[in-house]
Amino acid sequence: MPTAADLDAAIRDVPDFPKPGILFKDITPVLGDPDLFRGSLELLAETAGDIKIDKVVGIDARGFIFAAGVAHILGAGFVPVRKKGKLPWTTHQMAYSLEYGEDVVEIHADAIQPGEKVLLVDDLLATGGTAAAAIKLLKALDADIVAVSFLIELASLKGREVLGHPQINALLTY
Ligand code: AMP
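Right, let's walk through the structure included here. (Residues numbered from 1 in each chain as written. Predicted model: local features only at pLDDT ≥ 70, side-chain atom pairs only at ≥ 80, totals over all residues. Heavy atoms only, no water.)

On to the site of the ligand. As a matter of local geometry, the ligand sits amid 13 residues, with Arg-62, Asp-122, Thr-127, Gly-128 and Thr-130 nearest to it. Within the side chain of Asp-123, an N or O atom sits 2.9 Å from an oxygen atom of the ligand. Within the contact set of the ligand, an oxygen atom lies 3.4 Å away from a backbone nitrogen or oxygen of Gly-129. Bound to the protein, the ligand loses 81% of the 490 Å² it would expose on its own. Among the detected pockets, the ligand sits in the largest pocket. Of all the secondary-structure elements, those providing two or more residues to the shell around the ligand are strand S2 (23-26), strand S7 (117-125) and helix H5 (129-140). When its residues are assigned to classes, the shell around the ligand shows five nonpolar, four polar and four charged. (Near = heavy atom within 4 Å. Polar contact = N/O pair within 3.5 Å; in protein donor to acceptor, adjacent residues only side chain to side chain. Areas by Shrake-Rupley, 256 points an atom, 1.4 Å probe, with all protein chains shown as cover. 1 Å grid on protein atoms, 1.4 Å probe; cavity = no way out; pocket = protein on both sides within 12 Å on 5 of 7 lines; lining within 4 Å. Sits in = over half its atoms within 2 Å of the grid points. Helix = DSSP H or I, 4+ residues; strand = E, 2+ residues; numbered from the N terminus. Nonpolar A, V, L, I, M, F, W, Y, C, P; charged D, E, K, R; others polar.)

What follows deals with the packing of aromatic side chains. With the rule as written, the count across this model stands at three aromatic pairs. Judged by centre distance (6.4 Å) and plane angle (80°), the ring pair of Phe-37 and Phe-66 falls under edge-to-face. Here Phe-37 is found in helix H3 (residues 34-46), whereas its partner Phe-66 is found in helix H4 (residues 62-74), with 29 residues between them in sequence. Judged by relative accessible area, Phe-37 falls into the partly exposed class, the value being 24%. Owing to a relative accessible area of 1%, Phe-66 belongs among the buried residues under this scheme. Considering the side-chain rings of Phe-64 and Phe-78, the 5.9 Å spacing of their centres and the 85° angle between planes classify their relative orientation as edge-to-face. Highlighted residues: Phe-64 in helix H4 and Phe-78 in strand S4 (residues 77-83), separated in sequence by 14 residues. Under the relative-accessibility criterion, Phe-78 is labelled partly exposed at 33%. Note that Lys-25 overlies the ring of Tyr-174, its terminal NZ or CZ placed 3.6 Å from the centroid. (Phe/Tyr/Trp six-rings, centres within 6.5 Å; stacked < 30°, edge-to-face > 60°. Buried < 20%, exposed > 50% of the residue type's maximum accessible area, 1.4 Å probe, protein only. Lys NZ or Arg CZ within 6 Å of the ring centre and 35° of its normal.)

Glancing now at the sheet that holds S7. Read from one edge to the other, the open sheet built from seven strands follows the order S5-S6-S4-S3-S7-S8-S9, with strand pairing classed as mixed. Lying at the two open borders of the sheet, with one neighbouring strand each, are strand S5 (91-97) and strand S9 (168-173). Neighbour-to-neighbour, the strand axes of the sheet open up by a mean angle of 20°, direction not taken into account. Relative to S4, strand S3 (residues 55-59) runs parallel, the two being bridged by five bridges. Note that in S4 the partner of Lys-55 across the bridge is Gly-77. In the packing of H3 onto the sheet, the strands contacted are S7, strand S8 (144-153) and S9, and the crossing angle to S8 comes to about 145°. Contacting S3, S4, S7 and S8, H4 runs over the sheet at an angle of about 170° to S3. (Pairing = 2+ DSSP bridges. Axes fitted to C-alpha atoms, helices over the stretch in contact; angles between N-to-C directions. Contact = heavy atoms within 4.5 Å.)

The next thing to look at is the pattern of salt bridges. Proximity of charged atoms lets side chains of opposite charge pair with each other. All chains considered together, the criterion is met by eight salt bridges. Between Lys-55 and Glu-116 there is a salt bridge, and its shortest N-O distance comes to 2.8 Å. Of this pair, Lys-55 sits in strand S3 while Glu-116 sits in the loop between strand S6 (102-108) and S7, and the two are 61 residues apart along the sequence. Judged by its relative accessible area of 17%, Lys-55 is buried. The shortest N-O distance in the salt bridge between Arg-82 and Asp-60 comes to 3.4 Å. With Arg-82 in strand S4 and Asp-60 in the loop between S3 and H4, this pair connects stretches of sequence that are 22 residues apart. Taking relative accessible area as the criterion, Arg-82 reaches 24% and is therefore assigned partly exposed. (Salt bridge = Lys/Arg side-chain N within 4 Å of Asp/Glu carboxyl O.)

Here it is as structure tokens:
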């Protein structure tokens, strides 16, 4: 199983991407390394503890990569939370604030049954706006959100406080 130091060594810091002042955490070297990729999926899957998860929910787009693998390990279904206009069926929508303006995420209205146990997964927790919008969508579907798990947390941005969920996990904290 990889350690946090192994993952840290692989993650590439890209200054000023996608715009000036952002230090982008590039996780593609983790995806490209078979041991780090499989290990990160297994570590994220462990954040469910002993609870039988019905659905792993991934956030568009890097969250899909991790959530799908975690769902496979846990024997759970996979559910995408997507940017507006991508899902073909009836959706619930939630707007959230970006640095400038706002964006909208959606989930299929029938993706989760009331009371189903859900693990929410994304690659990175920054300000928490995206994951908070996903949590609101899941609550609108009466999902039982067991935990919210990230590969990376940028702790100085205090996204954890925005989410306000009792079980927030990150494999790596900066
Ligand atoms: P936020 O809503 O601010 O928590 O932003 C989270 C989303 O934006 C995640 O899905 C990340 O993929 C992406 N993101 C935000 N900041 C960064 C960063 N510094 N490096 C890589 N991805 C980021």
